[in-house]
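Next come the chains, spelled out residue by residue.
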Amino acid sequence: MARTAIEAPWLVILHVLAIFAARPALSAGSGDGFSAVADDSDVLGFHGDYTPPSPPPPPDLPLPPPLSCEDLDGVGSIDSTCELNKTLEFGDDVYVKGLGNLHVLPGVRLSCPIRGCFITVNISGNFSLGQNGVIVAGTVHVVAHSVGLIDGSLINVSGLAGEPPAGTSGTPQGVQGAGGGHGGRGANCLTDNEKLPDDVWGGNAYSWQSLDKPYSYGSKGGTTSKEEDYGGEGGGRIMFEVENEIEVSGSLLADGGDGGVKGGGGSGGSIYIQAHRMIGSGTISAAGGGGFAGGGGGRISINVFSRHDDTGYFVHGGRSFGCSENSGASGTYYDAVPRSLTVNNHNLSTHTDTLLLEFPKQPLWTNVYIQNHAKACLPLNWGRVQVQGQLRLSSGAMLSFVPAHLGTSEFELMAEELLMSDSVMKIYGALRMSVKMHLMWNSKMLIDGGHDAILATSSLEASNLVVLRESSVIHSNANLGVHGQGSLNLSGPGDLIEAQRLVISLFYCISVGPGSTLRGPLETASDDDLTPRLYCELQDCPRELLHPPEDCNVNSSLSFTLQICRVEDIIVEGSITGSVLHFHWVRTVLVHSTGTVSVSGLGCTGGVGRGKIMDNGVGGGGGHGGKGGDGYHNGSFISGGVTYGNAELPCELGSGSGNDSLAGATAGGGIIVMGSLEHSLSSLSIDGSIRADGESFGDHIRGTNGRTISDVGPGGGSGGTILLFIHALVLGDSSIISTVGGHGSPNGGGGGGGGRVHFHWSGIPVGDEYYPIASVKGNIQTGGGFGRGRGYAGENGTITGKACPKGLYGVFCKECPVGTYKNVSGSNRALCQDCPLHELPHRAIYMAVRGGVTETPCPYKCVSERFHMPNCYTALEELIYTFGGPWLFSLILLAVLILLALVLSVARMKYVGGEESPAIVPPRRSSRIDHSFPFLESLNEVMETNRIEESQSHVHRMYFMGANTFSEPWHLPHSPPEEIIEIVFEDAFNRFVDEINSLAAYQWWEGSVYRILSLLAYPLSWSWLQRCRKNKLQQLREFVRSEYDHACLRSCRSRALYEGIKVAATSDLMLGYLDFFLGGDEKRADLPPSLNQRFPMSLIFGGDGSYMAPFCLHNDNILTSLMSQAIPPTIWYRLVAGLNAQLRLVRRGQLRVTLGRFVSWLETHANPTLVTYDVHLNLASFQPTASGYCQFGLIACAVEYQNLPSSIEGQDGLLQPEQQQPCLPQTYRDDPVDHSVAKQPLMTYRRMCGGVLHSKSLRTFKEKKAVYYPLSFVIYNTKPVGHQDLVGLVVSMLLLGDFSLVLLTLLQLYSISLMDFLLALSILPLALLYPFPAGISALFSHGPRRSAGLARVYALWNITSLINV
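It should be emphasised that the depicted structure is a prediction, and the values quoted were computed from it without experimental measurement. (Residues numbered from 1 in each chain as written. Predicted model: local features only at pLDDT ≥ 70, side-chain atom pairs only at ≥ 80, totals over all residues. Heavy atoms only, no water.)

This part takes up the overall build of the protein. A tally of helices and strands in the protein yields 18 helices and 69 strands. Buried residues in the protein amount to 55% of all 1365 residues. Here the protein has roughly 57200 Å² of accessible surface; of this, 55% comes from carbon and sulfur atoms. (Helix = DSSP H or I, 4+ residues; strand = E, 2+ residues; numbered from the N terminus. Buried < 20%, exposed > 50% of the residue type's maximum accessible area, 1.4 Å probe, protein only. Areas by Shrake-Rupley, 256 points an atom, 1.4 Å probe, with all protein chains shown as cover.)

A word on the state of the cysteines. One pass over the full model with this rule turns up 10 disulfides. In this model C816 forms its disulfide with C832; the gap between the sulfur atoms is 2.1 Å. Of note, the bridge from C816 to C832 carries an S-S torsion of about -55 degrees and is left-handed in sense. Linking C816 in the loop between β56 (814-815) and β57 (820-821) with C832 in the loop between β57 and β58 (833-834), this pair joins segments that are 16 residues apart in sequence. Judged by relative accessible area, C832 falls into the buried class, the value being 6%. The residue that forms a disulfide with C835 is C858, at a sulfur-sulfur distance of 1.8 Å. In this structure, the disulfide formed by C835 and C858 twists by about -90 degrees around the S-S bond and is classed as left-handed. Here C858 lies in the loop between β59 (844-846) and β60 (860-862) and C835 lies in the loop between β58 and β59, a separation of 23 residues in the sequence. (Disulfide = S-S within 2.5 Å.)

Attention shifts here to the sheet that holds strand β63 (residues 1072-1077). With antiparallel pairing, the three strands of this open sheet are ordered in space as β61-β63-β62. What marks the edges here is a single partner per strand, and that holds for β61 (954-959) and β62 (1061-1065). The mean inter-strand angle of the sheet, taken between neighbouring strand axes irrespective of direction, is 25 degrees. Summarising the sheet, β61 and β63 pair through five bridges and their orientation is antiparallel. The residue bridging H956 from the neighbouring strand is F1076, located in β63. (Pairing = 2+ DSSP bridges. Axes fitted to C-alpha atoms, helices over the stretch in contact; angles between N-to-C directions.)

Moving on: the side chain of S559. By secondary structure assignment, the location of S559 is in the loop between α2 (543-546) and β39 (562-572). Separated by 3.0 Å, the side chains of S559 and E544 make a polar contact. With near-sequence residues (within four places) excluded, S559 lies in contact with Y535, P542, E544, L545 and V580. (Polar contact = N/O pair within 3.5 Å; in protein donor to acceptor, adjacent residues only side chain to side chain. Contact = heavy atoms within 4.5 Å.)

Our next topic: the confidence of the model for the protein. Reading predicted coordinates in detail is not appropriate for stretches of low pLDDT. Model confidence for the protein is summarised by a mean pLDDT of 82, while 81% of its residues fall at 70 or above. A low-confidence stretch, residues 914-947 (pLDDT under 50), is modelled with 72 contacts involving residues beyond four sequence positions or located in other chains. Below pLDDT 50 for its whole length, residues 1268-1283 participates in 44 contacts with residues either more than four positions away or in separate chains. (pLDDT = per-residue confidence, 0-100.)

At a closest axis distance of 11 Å, the pairing of helix α11 (residues 1129-1143) and helix α12 (residues 1151-1170) adopts a crossing angle of 175 degrees. With respect to each other, α11 and α12 are oriented roughly antiparallel. Facing I1131, L1135, G1138, L1139, Q1142 and L1143 of α11, the residues of α12 in contact are F1158, W1161, L1162, A1166, T1169 and L1170. Counted by class, the contact of α11 with α12 contains nine nonpolar, three polar and no charged residues. (Parallel < 35°, antiparallel > 145°, perpendicular 65-115°, else oblique. Nonpolar A, V, L, I, M, F, W, Y, C, P; charged D, E, K, R; others polar.)

Here the focus is helix α3 (residues 875-882). All of the buried residues in α3 are L876, E877 and I880. The arc that holds the buried residues of α3, viewed along the axis, is 95 degrees, so those residues lie on one side. (Arc of directions from axis to C-beta.)

So, on to the nonpolar core. Counting 93 residues, the largest nonpolar core has M445 and I564 as its most contacted members. Counting 49 residues, the second largest nonpolar core, distinct from the first, contains I123, F127, I238 and L252. (Core = buried A, V, L, I, M, F, W, Y, C linked by side-chain atoms within 4.5 Å.)

This paragraph deals with the sheet that holds strand β65 (residues 1175-1182). Spatially, β64-β66-β65-β69 is the arrangement adopted by the four strands of the open sheet, whose pairing is antiparallel. With one partner strand each, in any of the chains shown, β64 (1097-1100) and β69 (1251-1253) form the two edges of the open sheet. Each strand axis lies, on average, 40 degrees off the axis of its neighbour in the sheet, ignoring direction. Summarising the sheet, β65 and β69 pair through three bridges and their orientation is antiparallel. Residue pairing across strands places S1181 opposite G1251, the latter belonging to β69. With respect to the sheet, α12 is in contact with β65, β66 (1191-1198) and β69, its orientation differing from that of β65 by roughly 160 degrees.

The next subject is the packing of aromatic side chains. With the rule as written, the count across this model stands at 26 aromatic pairs. Note on F883 and F889: the rings are 6.3 Å apart at their centroids and 45 degrees apart in plane angle, and the pair reads as tilted. When its relative accessible area of 11% is taken as the criterion, F889 is described as buried. The ring of Y809 carries the charged tip of R829 above its face, separated from the ring centre by 5.6 Å. (Phe/Tyr/Trp six-rings, centres within 6.5 Å; stacked < 30°, edge-to-face > 60°. Lys NZ or Arg CZ within 6 Å of the ring centre and 35° of its normal.)

Tallied over the full model, the rule gives 23 salt bridges. For D569, the salt bridge is made with R587, and the minimal N-O distance between the two is 2.9 Å. Of the two residues, D569 is situated in strand β39 and R587 in strand β41 (residues 580-591); the sequence distance between them amounts to 18 residues. Taking the relative accessible area as the measure of exposure, R587 reaches 35% and is therefore partly exposed. (Salt bridge = Lys/Arg side-chain N within 4 Å of Asp/Glu carboxyl O.)

In structure tokens:
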């Protein structure tokens, strides 16, 4: 038989059940009905939390005897495998228990169509329901190892519920035809004029505490007839407790029964599935039944660890035929493993709530989803909604906190993310929200603070991100604080955050997109306790505007209506609107061209500067920064409002005209304060507008009782205040800062006075640290409003800035103009005074100084860099005035010229001596002179050394020192070298050397010509040098060959035949040498010496490493004959050619690098070839002269000598080492040179020394850079002869005077202009400065007397130059 009511009595009777007792039913006629909202005597009247009763846990029910497989007409055994292949219908509860498997084959139907009937299966094996198999009962409870519900199978407990839990109010009372409640409330299509729509519902919700494991029946729907119950039955229960896997490919239905058009739908039942794994794509439904009013949805809970299913879940309410827009409330779907709750009404619109009661605190739910037009409500006072993950509202969903008539509640909402999409959240009371991310898409959050000022403040905190898009709204009719640490983004048109008092703080960035708005107070604010008070009658500035509190909390006692606090960056592309706007502790504000920050018309209607008004309503304009314009009516003027406030630090609201009882009264502008005295804005950049304008008549008409407003009315409101505490300001081309007054009424209303704009600069840089703090291209408007009719316009307001420091002026503290200075603080332009003109030198102009000029004298600069500060003199003028002015300088110059002339005369007399005769030149013997100039014809042929037999009697080759130049002529040392000491007389040899050195020296005029040609045309000077060298060589050869008697030689035969000494030179005429030969009568067996006896032997290079004269080893028959004793001539010729090829790469100025390559070539090419012939070559430097000139060459030595002998053959014994230099051994090595010594020093002889150069010593080799001065060459190489002292003195004065004046003139011209200098050089005789060195040479000449005549010509030339100067 059917099992009707086997529920045991309640174990615990809650006190709240007595409060929520059944009440008379609601109906259109009688007003009867049930409501969970109690009257004033229930606990809700005492602000108690509303919690619908939860059923007690069901007692353990007695089970009927288990049925066997045979009892079920099955095949097999229930302890192994039982297969049911026949349709069965039961009349009572069914209990199946066994250790095996139970399979209901396809098409088999097991039914117990009785309300509350049980079918319980408890087996250890597997349970399956085949295709098109059906189980129908009030309760289906299956316990198995695995369950398979094949595609097409059905378990249906819809409309077969037993009695709902005792003490619940899920079944509605009366005859309203309301729907039953369970997971959601049932709908009620009737209304009650005494209640709000949200307070009218059908059956109430229950079993909240067991939604994670629901096991309650649904409730029956109400009826519309007392005679017959048409209400639909509630849904039954389905429970699966599976150890392993469950496949849900069929359908599980626990829907409420339909009530038709005369009865309410039943509520959905309960479905619970517990398994380890779940697959399939079936349907699970606990929806409410349809009816006159739809039933509420049931409860579904899934506790599956591993889900791989694609199952559809339905817990929506039933459709309402009597009110299609109000379906039953959604039930709940709980996923136990992720702890996720879903309220989904599947797009059925409803006004009925799904109750969300106390949320679990441990563990927290992860996510809560309210979707598809579901309407959820938290009916608790001072409750907390806390989830670990997301709280998501989407697709028309609504979440409300406490019923609307209980607006004194406080709620906490805590989650990781609050996501709202096309949804609404309503809060009646105060909300404390704390999330990490709050995203809104076309959604609304509406906060109704009621009228309780204590509970009127809500706080929304999102630590990471707040984004409003697609016309999303956050609205509060009380105080609202929005806090965060990340970004607040109002993306576009329609996005809005507004409150009566709004505080936004702690964000890194706030972006107000185009068309979006931040507003405080509300536009339609009512005059109740929650409306911010504007202190219109106060003339003193409220302290919090200048020194705001640091905590950024919402404080009703402060005057702010909108405050943005502790924010890094604010980007405004939409609008920010309020009465008193304050930006506190903000770094940068950027107002784009579409952006507006406005308090226009939101100031005081009255105020300190209220305009006077007549009885008929005509009035003057409000005053503030400027006086309000007078109104006019019938010949009478009505005074406008007075000015008030401090222009240097304004913080007052604008005043209006009229009064609150007068239609059309106007209000003044509000206050905008950016920054504070302690914390200024770093940067304010405006391309849009910042406005605090007064209201014009007719802009915002406050008409009452439908009164028609005529053209007769008050004046315009005055402009408000814009107070900016900033570091830097940028106003773009289209930017506007405005505090203009409003316009008066058409029939004589006066215009409002302008407001005040003040820039309070912070940390104005001064001095060298100054930079412009403002870039102003837009408009700043503070004009008065127009008076209409015959009314007067209001006066202009004020634009002020903080007092500028010294050197700066104006509102924006710009630098004083060039030529002015300012030595006091202030902003007035008149404080910049003109600089005294008498302090400005000639050729000078005043210059701009960073930070402005603070003191006199004002800085200036010369008109050209060629003039010198501080007097802008030229170099010559500076020189003249340094020595006391033109007259004193002329006297000093004359004295200096006389002194220099005397010095030149004394020097001439000392070094020349009056009419000294020319130096005695040895007489020349008449002889045959070969005037031809031989040159190098081959590698083995040099001048005068073309006889092979001479090599057989050759004793020694003695090289000249010097480079054969005018500064370094050839010369020989006086002591004879050791190689010839046996064949010469030493005294006679010294006399021979004196004669040679005297003959080798050049005349003074030869050097002078060379220097002059070097300046004019260098190629000509080179030709002149070579010509002089050739002549000098010819003179030496003629002297040795014919004029000298060879008296220094011991050999009589040599003295008789003039053949013991021969002079020769290299082809470049830079290297000369003397060859000494035997005469044949010496009777010495050791002469001439062999090659081995000559080792080590020096071979000096010709040339100097320049482009015109590269280094070169010159070969001749004597050298070839000597070297052929050890080296074959062909090998020697090839070696000389290779050496010369390498030497051409050696360049003076780069000797260290290029000689290093040459040394490497010797070690890698030359010496490996010569080692076969027991010869080794080393690079060496020879014979440094007193001026530092050094010759280079080779030292040839024999390999078998392990050490150099005590004397190395150098230039006549002048190269003698202090230490023995090792030579190559018999076997050639890769590193033949001992590098332990950087450079082996050679013994000095008469202060001349040299050394061997190898790779290591070249690293420290330093090439001497000679600096030549033309005058020094002239003085060193010339001697004046035959001039009178007086003539020399006069000529010296003329020369020095000419030279000095020409140089001074050129210096003056160069200081004026480079072009003048070049033009002066092109004018003769100023350009010819060469007579000066030529005249000096003439003074010191020791040549013929015609040199004195030449000097006089030069002197006359300089006299001409002096006249021209």
